[in-house]
Amino acid sequence: MPFANSSEERPSFVLAAMPGLEAVQGWLAMLLCSAYLVALTGNGAVLLAVRLEPALHAPMYLLLCMLAAIDLALCSSAVPRALCSHWLGARDIGFGACLVQMFLIHALSAAESTVLLAMALDRYVAICHPLRHAAILTHAVTARIGLVAVARGVLFFLPLPLLLLPLPFCGPRALSHSFCLHQDVMNLACANTTPSVVYGLAAILLVMGLDAVLICLSYVLILRAVLRLGGWKERLRVFSTCIAHVGVVLAFYVPLIGLSVVHRFGRDLAPPVHITMGNIYILVPAVLNPIIYGVRTKEIQRRILSLI
């Protein structure tokens, strides 16, 4: 009988721990906490710098603010609960809380992918159509991009927890990560999960997969435009404006692909591999994005140094 018909059958799940590494569990949690604090500080500094510096109120930097806000929400939806599991031993998570956390992680990841696509569009217009850049990417258009990013994440990934809601969970309830992900929770159900599998794969392909293809296409067009320029110095100068964006795209998609490969082909891997890949997926973009843009953008550097 599905648990939806009986409150007694609503399961709680057990978040993953590092088996065999209990002696260093505190140090691992300290490392996780340090990375989380770096993510909070870095993204908070970017938001504050853009907010206080009028010269940074351009579409590119407003998109960067959206990226920083999404990174803050994404890591905050997973890391505090993981720290409770590692430090306090509170590894049980309720079914409802698990579904909410799962939805937030996937929806925010979709929103981040959308913003990265919008940033690629910004770079394409700035390089290939510089005279039309101000007319195309206005503040109103940038605000609409933010709304579309949020709406896209909600609409595509809200069905994931709804598809899991009626399923029975009658077997082991130990997760392979220190937070809840759709495929991880779905694999614990003792019923037909084909609709959930099909929809989850379709949502990933239509959001992250499509965004990745369009980002690659935009850079093909950018490279064509750059190669038409006169000298190598001019080509390097123009393409250097894209280096920071390429860095944050890699910081997002490489961990995402790595986590997907581990889920698909790594069922026999040791539990620490799954936990580590999950933490990398959540924290690496949030930690690296403000560092990449802070290093590559002199205006942000100056404002942050003035705040310090």
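Rules behind the numbers
- Residues numbered from 1 in each chain as written.
- Predicted model: local features only at pLDDT ≥ 70, side-chain atom pairs only at ≥ 80, totals over all residues.
- Heavy atoms only, no water.
- Helix = DSSP H or I, 4+ residues; strand = E, 2+ residues; numbered from the N terminus.
- Rg over C-alpha atoms; globule rule 2.2 N^0.38 Å.
- Buried < 20%, exposed > 50% of the residue type's maximum accessible area, 1.4 Å probe, protein only.
- Contact = heavy atoms within 4.5 Å.
- Areas by Shrake-Rupley, 256 points an atom, 1.4 Å probe, with all protein chains shown as cover.
- Lys, Arg positive; Asp, Glu negative; His and termini not counted.
- Charge placed at Lys NZ, Arg CZ, Asp CG, Glu CD.
- UniProt positions renumbered as here; feature names shortened; annotations may be inferred.
- Axes fitted to C-alpha atoms, helices over the stretch in contact; angles between N-to-C directions.
- Parallel < 35°, antiparallel > 145°, perpendicular 65-115°, else oblique.
- Left-handed = near helix turned anticlockwise from the far one by under 90°.
- Nonpolar A, V, L, I, M, F, W, Y, C, P; charged D, E, K, R; others polar.
- pLDDT = per-residue confidence, 0-100.
- Core = buried A, V, L, I, M, F, W, Y, C linked by side-chain atoms within 4.5 Å.
- Disulfide = S-S within 2.5 Å.
- Phe/Tyr/Trp six-rings, centres within 6.5 Å; stacked < 30°, edge-to-face > 60°.
- Lys NZ or Arg CZ within 6 Å of the ring centre and 35° of its normal.
- Expected span 1.5 Å × (residues − 1).
- Polar contact = N/O pair within 3.5 Å; in protein donor to acceptor, adjacent residues only side chain to side chain.

### Regarding the overall build of the protein chain
Item 1. Looking only at helices and strands, the protein chain features 13 helices and two strands.
Item 2. In summary, the protein chain has a C-alpha radius of gyration of 21 Å against a globular reference of 19 Å for 308 residues, a match within 12%.
Item 3. Once the C-alpha set of the protein chain is aligned to its principal axes, its extents read approximately 70 × 40 × 35 Å.
Item 4. Counting every position in the protein chain, which comprises 308 residues, the buried fraction comes to 46%.
Item 5. Pairs at least 24 apart in sequence give 78% of the contacts found in the protein chain among residues at least 6 apart.
Item 6. When the accessible surface of the protein chain is split by element, carbon and sulfur atoms take 71% of a total near 15000 Å².
Item 7. Side chains of the protein chain carry 20 positive and 13 negative charges; the gap between the two charge centres is 13 Å.

### Considerations on the UniProt feature "transmembrane region" (unreviewed entry) in the protein chain
Item 1. Cross-referencing UniProt, the feature "transmembrane region" (unreviewed entry) maps to residues 27-49, 61-79, 99-121, 133-158, 197-226, 238-261 and 273-295 in the present numbering.
Item 2. Helix makes up 89% of residues 61-79 and strand 0%, with an end-to-end C-alpha separation of 26 Å.
Item 3. In residues 197-226, the share of helix is 100% and the share of strand is 0%. The end C-alpha atoms are 42 Å apart.

### As for the packing of helix α2 (residues 59-76) against helix α12 (residues 271-296)
Item 1. Running from N to C, α2 and α12 cross one another at 150°; their axes reach a closest spacing of 9 Å. If you check the angle between α2 and α12, you find them roughly antiparallel. Crossing hand, α2 versus α12: left-handed. Listed contacts from α12 to L64, L67, D71, L74 and C75 of α2 are I282, L283, P285, A286, N289 and Y293.
Item 2. Residues belonging to the contact of α2 with α12 are distributed by class as follows: nine nonpolar, one polar and one charged.

### Quick notes on the confidence of the model for the protein chain
Item 1. This prediction gives the protein chain a mean pLDDT of 87; 94% of its residues lie at or above 70.
Item 2. Considering each helix and strand of the protein chain separately, the mean pLDDT is smallest for helix α13 (residues 298-307), with a value of 78, and largest for helix α6 (residues 139-157), with 95.

### A look at the nonpolar core
Item 1. In this structure, F13, L116 and I282 are the most contacted members of the largest nonpolar core, which totals 83 residues.
Item 2. Those residues within four positions of F13 in sequence are excluded, and the remaining contacts are R91, D92, I93, F95, C98, F169, R173, L175, V185 and L188.

### Quick look at the side chain of T142
Item 1. With respect to the helices and strands, T142 occurs in helix α6.
Item 2. Filtering out sequence-adjacent residues up to four positions away, T142 remains in contact with P59, L62, L63 and M66.

### Concerning the state of the cysteines
Throughout this description, disulfide means a covalent bond between two cysteine sulfur atoms.
Item 1. What the rule picks out here adds up to two disulfides.
Item 2. A sulfur-sulfur distance of 2.0 Å marks the disulfide that ties C170 to C190. Of the two residues, C170 sits in the loop between α7 (159-164) and α8 (182-186) while C190 sits in the loop between α8 and α9 (194-227), which places them 20 residues apart along the sequence.
Item 3. Residue C170 is classed as exposed on the basis of its relative accessible area, which comes to 59%.
Item 4. Sequence-ordered numbering of the bonded cysteines in the protein chain yields a pairing of 1-3, 2-4.

### Remarks on the packing of aromatic side chains
Aromatic ring pairs are described here by two measures, namely the spacing of the ring centres and the angle between the planes.
Item 1. Here the structure, examined in full by the defined rule, presents five aromatic pairs.
Item 2. With 6.5 Å between their ring centres and 75° between their planes, Y219 and F239 make a pair best called edge-to-face. Of this pair, Y219 sits in helix α9 while F239 sits in helix α10 (residues 232-239); the two residues are 20 residues apart in sequence, bridging distant segments of the chain.
Item 3. When its relative accessible area of 23% is taken as the criterion, F239 is described as partly exposed.
Item 4. Here a set of aromatic residues connected by ring pairs shows up, and it is made of F13, F95 and F169.
Item 5. When the ring centre of W232 is taken as reference, the NZ or CZ atom of R235 above it lies at 4.6 Å.

### Section: α9
Item 1. With 34 residues, α9 should reach 50 Å at 1.5 Å per residue; the first-to-last C-alpha distance of 47 Å fits that figure.
Item 2. Here the buried face of α9 lies against α4 (95-128), α6, α7, α8, α10 and α11 (243-265).

### Some thoughts on the side chain of R152
Item 1. Of note, R152 is situated in helix α6.
Item 2. A residue is classified by how much of its surface remains accessible, and R152, at 16% relative accessible area, is buried.
Item 3. For R152, the side chain forms a polar contact with the main-chain oxygen of L206, separated by 3.3 Å.
Item 4. Apart from the residues lying within four places of it in its own chain, the contact partners of R152 are T114, L206, V207, L210 and D211.

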